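# Working through the structure, step by step
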Amino acid sequence: MSTLLPGTARADWGEIPAGAWPFPNHFKVLEVFLYGGLSPWETFYVRPPGANQFRGLDADVAAAIWNAGCSGTPMPVNATEYFADAQDETAANVHGVHLGPFTAPLWRADLISRMRMLVMQHDLEPHEAAIPYAMTGHRLGRPKFAGTGAAIQRRFQLTNPSQTAPFSYVCVPGTYNFPGDNILAATATGMHGGDAKPLSLRIGAGSSEVVNQLLRSGVTPEMDQLLNVYRAEYRQRLRFQGAGNPLRSKGFAAYDSSSASLLNAATLQAILNTPSFNLRQDVDCSVNSPSLIDNQPGTAIRLASHLLTRPSNGARYVCVIDSGLREATGGGGYDTHSNNIGTVGRNLWNTLSTLAEIIQNPTLPADPNKISLDDTLVVVTTEFGRTPSPAPNGNGRDHHPGGYVNVLLGGPIGAGTTGRRLVGNIVDATGYANLSNVYSATDLRAAILLAAGVYPLNPDSFAIGDLTSTLSAPDEPSSAILLRQRIFGS
């Protein structure tokens, strides 16, 4: 019978064992998911200057045009920044890895010094399978299939029961043309129950209308009382012989959670009633034109900053799904089967410029409305990379899960000690990850939970056997320590 009881009845669920986390606090998390599959070869994993630096698209990079009205664009257009050394299979085969011109907004000393790059690999080429795996660390069909926000929401509901606002949010693009790509996997709850579902916010024209809807015009206190009566009656029917905890019912848990959120609409309305929720227009810095364009990813990142920096009822996790300033030819912001350079240059520059804008610069006066890397971990993720050789059309790149990177900034990553490091490596000659030193989406998701204050090796999230073999240890706490040391270097 105990297995049917709601998991949230365990007050210690997700608690991290002593010794597995040496820091005095845990970190809020901002995730930016680059929807479509980012090419690393012009962005985060670039060869040193020389022949074929951009793996077949050097001429395209050199021909890039930047808007003269935008500050900080790369000069020259193919400029790169040394990041760290990588080592292939042997100690003798060492080569430098540079950050490409489209990542220039992150070249600030305070950002690059607290950056770690995680080399990843899997075998799923379709977006429909790769995106859910990248967002959850589980393949489709697994009972534990849940977005990172669900576990964080569940844990902080237990440790901070007085907060009536959500702890986890997912900012979804207002328009995207491939619903089968499964980007809503970020809101999946798996074994966590309906009350752990992150709040999904659609970003686009008219999206802030939800603020007016939360005013609940015409709803009286008597209506809410009646709703509570019906909820209590049904909950009672789920108790064994009318006593004890209600038995697990996924459908009712989702309904009950939605009803509770509805009754707390005034709190949420106050949080979302901000200019940050209004769709913003910005200049397209990849086109030499002064015209403005709707900036869905930029709006979502600025809204995420607002949610994470609130002094009360603040978020612990926000995921921004970036579908680009302009959609890529294959969909999303980064599915660049053609025009790889033009698309990546435009979309990644826009996203990283906004990201740098909302992160506190320590050389400037403190701004409470900006994210501090001392209390927030920023993670830039994507479902896979792009082929190291151009597509047959000559200017695009196709899907390549065999070797790609995700990026982490701040949080437990310290400047000068654990920062500016590669975790894993890609064999330069092939563009595939070195399988003796590579990580998985499961490893990253488990590490994010650990940094956020949720013990990832619990029955509803991950097991030791789900992790890469180099992270396996005889017991769970030892594996958690390995996870922390390898991914964050701490």
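Along the protein chain, the regular secondary structure elements total 12 helices and 16 strands. For a compact globule of 490 residues, the expected C-alpha radius of gyration is about 23 Å, and the protein chain comes in at 23 Å, within 12% of that figure. Of all 490 residues assigned to the protein chain, the portion counted as buried reaches 56%. A sequence separation of at least 24 residues applies to 74% of the contacts in the protein chain between residues at least 6 apart. Positive and negative side-chain charges in the protein chain, numbering 35 and 39 respectively, have mean positions lying 6 Å apart.

The strands making up a sheet associate through hydrogen bonds between their backbones, and the pairing can be parallel or antiparallel. Pairing within the open sheet is mixed, and its 8 strands lie in the order E6-E5-E11-E1-E12-E15-E4-E16. Looking at strand neighbours, the two that pair on one side only are strand E6 (199-203) and strand E16 (421-423), the edges of this open sheet. Each strand axis lies, on average, 20° off the axis of its neighbour in the sheet, ignoring direction. In terms of strand pairing, strand E4 (residues 115-120) meets E16 through 3 bridges, oriented parallel. Looking at the pairing, arginine 116 lines up with arginine 421 of E16.

Moving on: the packing of aromatic side chains. For the structure on display, the rule yields 10 aromatic pairs. Following the ring pairs from residue to residue traces out a cluster consisting of Trp21, Phe23, Phe27 and Phe488. Between arginine 154 and the ring centre of tryptophan 13, over which it is positioned, the NZ or CZ distance is 3.9 Å.

The next subject is the pattern of salt bridges. Counted under the stated rule, the structure contains 20 salt bridges. Each of Arg280, Asp282, Arg302 and Glu357 takes part in a single network of salt bridges with overlapping partners.

Our focus in this paragraph is the side chain of serine 305. Locating serine 305 in the fold gives a position in helix H9 (residues 296-308). Accessibility expressed as a relative area gives 2% for serine 305, which makes it buried. Beyond its immediate stretch of four places on either side in the chain, serine 305 contacts Ile358, Asn369, Lys370 and Ile371.

It is worth spelling out helix H7 (residues 250-263) at this point. Compared with an ideal rise of 1.5 Å per residue, which puts 14 residues at 20 Å, H7 spans 20 Å between its outermost C-alpha atoms and is within 8% of the ideal. Within the span of H7, buried status applies to Phe252, Asp256, Ser257 and Ser259. What you see down the axis of H7 is that its buried residues fit within an arc of 165°, all on one side. Exposed and oriented more than 90 degrees from the buried face of H7 are Lys250 and Gly251.

On to the environment of serine 472, then. Residue placement: serine 472 occurs in the loop between helix H11 (441-452) and helix H12 (476-488). Sequence separation of serine 472 and leucine 482 is 10 residues, and the distance between their C-alpha atoms is 7.8 Å. With residues up to four places along the chain from it excluded, the contact list for serine 472 reads Ile464, Leu467, Ser479 and Leu482.

What follows covers the packing of H11 against H12. The geometry of a pair of packed helices is captured by two quantities: the angle between their axes and the separation between those axes. Viewed as axis vectors pointing N to C, H11 and H12 meet at an angle of 100°, and their least axial separation amounts to 10 Å. As far as their axial angle goes, H12 and H11 are roughly perpendicular. Taken together, the residues of H12 that come into contact with H11 (itself represented by Asp443, Ala446, Ala447, Ile448, Leu450 and Ala451) are Ala480, Leu483, Arg484, Ile487 and Phe488. Its residues assigned to classes, the contact of H11 with H12 shows 9 nonpolar, no polar and 2 charged.

Tallied over the full model, the rule gives 1 disulfide. Put simply, cysteine 70 and cysteine 285 are joined by a disulfide, and their sulfur atoms are 2.0 Å apart. With the S-S bond torsion at -90°, the cross-link from cysteine 70 to cysteine 285 turns out left-handed. In this pair, cysteine 70 sits in the loop between helix H1 (58-62) and strand E2 (81-87) while cysteine 285 sits in the loop between strand E9 (281-283) and strand E10 (292-294), placing the two residues 215 residues apart along the sequence. Not engaged in a disulfide, the cysteine cysteine 171 finds its nearest cysteine sulfur in cysteine 319; these two sulfurs lie 8.0 Å apart. Taking the relative accessible area as the measure of exposure, cysteine 171 reaches 0% and is therefore buried.

Parameters and conventions
- Residues numbered from 1 in each chain as written.
- Predicted model: local features only at pLDDT ≥ 70, side-chain atom pairs only at ≥ 80, totals over all residues.
- Heavy atoms only, no water.
- Helix = DSSP H or I, 4+ residues; strand = E, 2+ residues; numbered from the N terminus.
- Rg over C-alpha atoms; globule rule 2.2 N^0.38 Å.
- Buried < 20%, exposed > 50% of the residue type's maximum accessible area, 1.4 Å probe, protein only.
- Contact = heavy atoms within 4.5 Å.
- Lys, Arg positive; Asp, Glu negative; His and termini not counted.
- Charge placed at Lys NZ, Arg CZ, Asp CG, Glu CD.
- Pairing = 2+ DSSP bridges.
- Axes fitted to C-alpha atoms, helices over the stretch in contact; angles between N-to-C directions.
- Phe/Tyr/Trp six-rings, centres within 6.5 Å; stacked < 30°, edge-to-face > 60°.
- Lys NZ or Arg CZ within 6 Å of the ring centre and 35° of its normal.
- Salt bridge = Lys/Arg side-chain N within 4 Å of Asp/Glu carboxyl O.
- Expected span 1.5 Å × (residues − 1).
- Arc of directions from axis to C-beta.
- Parallel < 35°, antiparallel > 145°, perpendicular 65-115°, else oblique.
- Nonpolar A, V, L, I, M, F, W, Y, C, P; charged D, E, K, R; others polar.
- Disulfide = S-S within 2.5 Å.

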